[in-house]
Amino acid sequence: MDMLPGQIHTIADAIDRHGWYTADDLLDPGLVGALADECLDMDTHAQLQPAHVGRGSKRRLAAALRGDRTRWLDESFSKVQADYLTHMLALRDALNRRLFLGLHTFEAHYAVYPPGAHYDRHRDRFRDDDARVLSTVLYLNRNWRPEHEGALRLHLPDGSQHNILPVSGRMALFLSADIEHEVLAPRRERMSLAGWFRRNGPPFF
Ligand code: OGA
Ligand code: MN
């Protein structure tokens, strides 16, 4: 990520003060478009699976909780995924130089929400896994308009709410442990690439 020092300072400062930030110009539009094409292609070829958290009978509960389909990035990553990872790891290093978050490994998945699907209010840190430190969501939706809805709604610790529309190239960043959030149901298919910087755990990337 060829970030200007001022840009990384702004991101680090916002995360430090408020716990979240959103930017529209962190990644090259060409890269964002290529990621969108890949996500759509993978979904067309049934390579995304209904998201679940838990096993057996608990799967039903997960389907009520979140209606997206996901696919984790793995070591077989494509050229565009490698470009995305290079940028995200550069962002990690830049943030680590300015904040004491101890960002270490990174994990990421594509997600597609069909029209009407949602993700209930939640935090990204789980009871059985507290390794996630910073959540990132890159949106991949060309020509997204307000009437398509599908915002990411942050519930901030002061009780206020902030809606972020999933327009192409926008990235939301927030502290995984602190910021509750939900995905409001979109009116058209909604694509994203969610990533988490972790302080420990399996060395994904
Ligand atoms: C998640 C999540 C938000 C979004 O995958 O945990 O909250 O806007 N995604 O897609
Ligand atoms: Mn989340």
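For the structure, check the block above.
I will try to describe carefully the structure that is included in this document.

1. Notes on the site of ligand 1
Then, in step 1: Lining the immediate surroundings of ligand 1 are Tyr119, His122, Asp124, Val137, Tyr139, Leu152, His181, Val183, Arg190, Ser192 and Trp196.
Then, in step 2: A distance of 3.2 Å is found between an oxygen atom of ligand 1 and a side-chain nitrogen or oxygen belonging to His122.
Then, in step 3: His181 places a side-chain nitrogen or oxygen 2.9 Å from an oxygen atom of ligand 1.
Then, in step 4: Surface burial for ligand 1 is 98%, taken as the share of its 290 Å² of free accessible area covered by protein chains.
Then, in step 5: The element that contributes the greatest number of residues to the shell around ligand 1 is strand S11 (residues 190-198), accounting for three residues.
Then, in step 6: Residue composition of the shell around ligand 1, grouped by class: six nonpolar, three polar and two charged.

2. So, the nonpolar core
Then, in step 1: In terms of nonpolar packing, the biggest core is built from 39 residues, with Leu35, Tyr84, Leu95, Tyr110, Leu138, Leu140 and Leu193 touching the most fellow members.
Then, in step 2: Here this core takes seven residues from helix H4 (residues 79-98), the largest share from any one element.
Then, in step 3: Of all hydrophobic cores here, the second largest spans ten residues; its members include Tyr139, Leu152, Leu156 and Ile179.

3. Focus: the coordination of the manganese ion (ligand 2)
Then, in step 1: Distances from the manganese ion (ligand 2) to its protein donors, His122 (NE2), Asp124 (OD) and His181 (NE2), fall within 2.1 Å.
Then, in step 2: Read from N- to C-terminus, the donor residues coordinating the manganese ion (ligand 2) fall into the pattern H-x1-D-x56-H. You can see Asp124 sitting in the loop between strand S5 (119-122) and strand S6 (132-139) and its partner His181 sitting in strand S10 (residues 180-183), a full 57 residues away along the chain. Pair check on accessibility: Asp124 and His181 agree, each one buried.

4. Points about the pattern of salt bridges
Then, in step 1: Throughout the structure, instances matching the rule amount to 15 salt bridges.
Then, in step 2: A salt bridge links Asp24 to Arg170, with the nearest nitrogen and oxygen atoms 2.7 Å apart. Highlighted residues: Asp24 in the loop between strand S1 (20-23) and helix H2 (29-44) and Arg170 in the loop between strand S8 (161-164) and strand S9 (171-175), separated in sequence by 146 residues.
Then, in step 3: Relative accessible area serves as the criterion here: at 46%, Asp24 is assigned to the partly exposed category.
Then, in step 4: Given the relative accessible area of 18%, Arg170 is considered buried.
Then, in step 5: A salt bridge links Asp68 to Arg66; the shortest N-O distance between them is 2.8 Å.
Then, in step 6: In this structure Arg66 comes out as buried when scored by relative accessible area, which is 11%.
Then, in step 7: Through salt bridges that share partners, Asp43, Arg69 and Glu189 make up one connected network.

Reading the values: the criteria
- Residues numbered from 1 in each chain as written.
- Chains lettered and ligands numbered in written order.
- Predicted model: local features only at pLDDT ≥ 70, side-chain atom pairs only at ≥ 80, totals over all residues.
- Heavy atoms only, no water.
- Near = heavy atom within 4 Å.
- Polar contact = N/O pair within 3.5 Å; in protein donor to acceptor, adjacent residues only side chain to side chain.
- Areas by Shrake-Rupley, 256 points an atom, 1.4 Å probe, with all protein chains shown as cover.
- Helix = DSSP H or I, 4+ residues; strand = E, 2+ residues; numbered from the N terminus.
- Nonpolar A, V, L, I, M, F, W, Y, C, P; charged D, E, K, R; others polar.
- Core = buried A, V, L, I, M, F, W, Y, C linked by side-chain atoms within 4.5 Å.
- Buried < 20%, exposed > 50% of the residue type's maximum accessible area, 1.4 Å probe, protein only.
- Donors = N, O, S within 2.8 Å, 3.2 Å for Na, K, Ca; no water.
- Salt bridge = Lys/Arg side-chain N within 4 Å of Asp/Glu carboxyl O.

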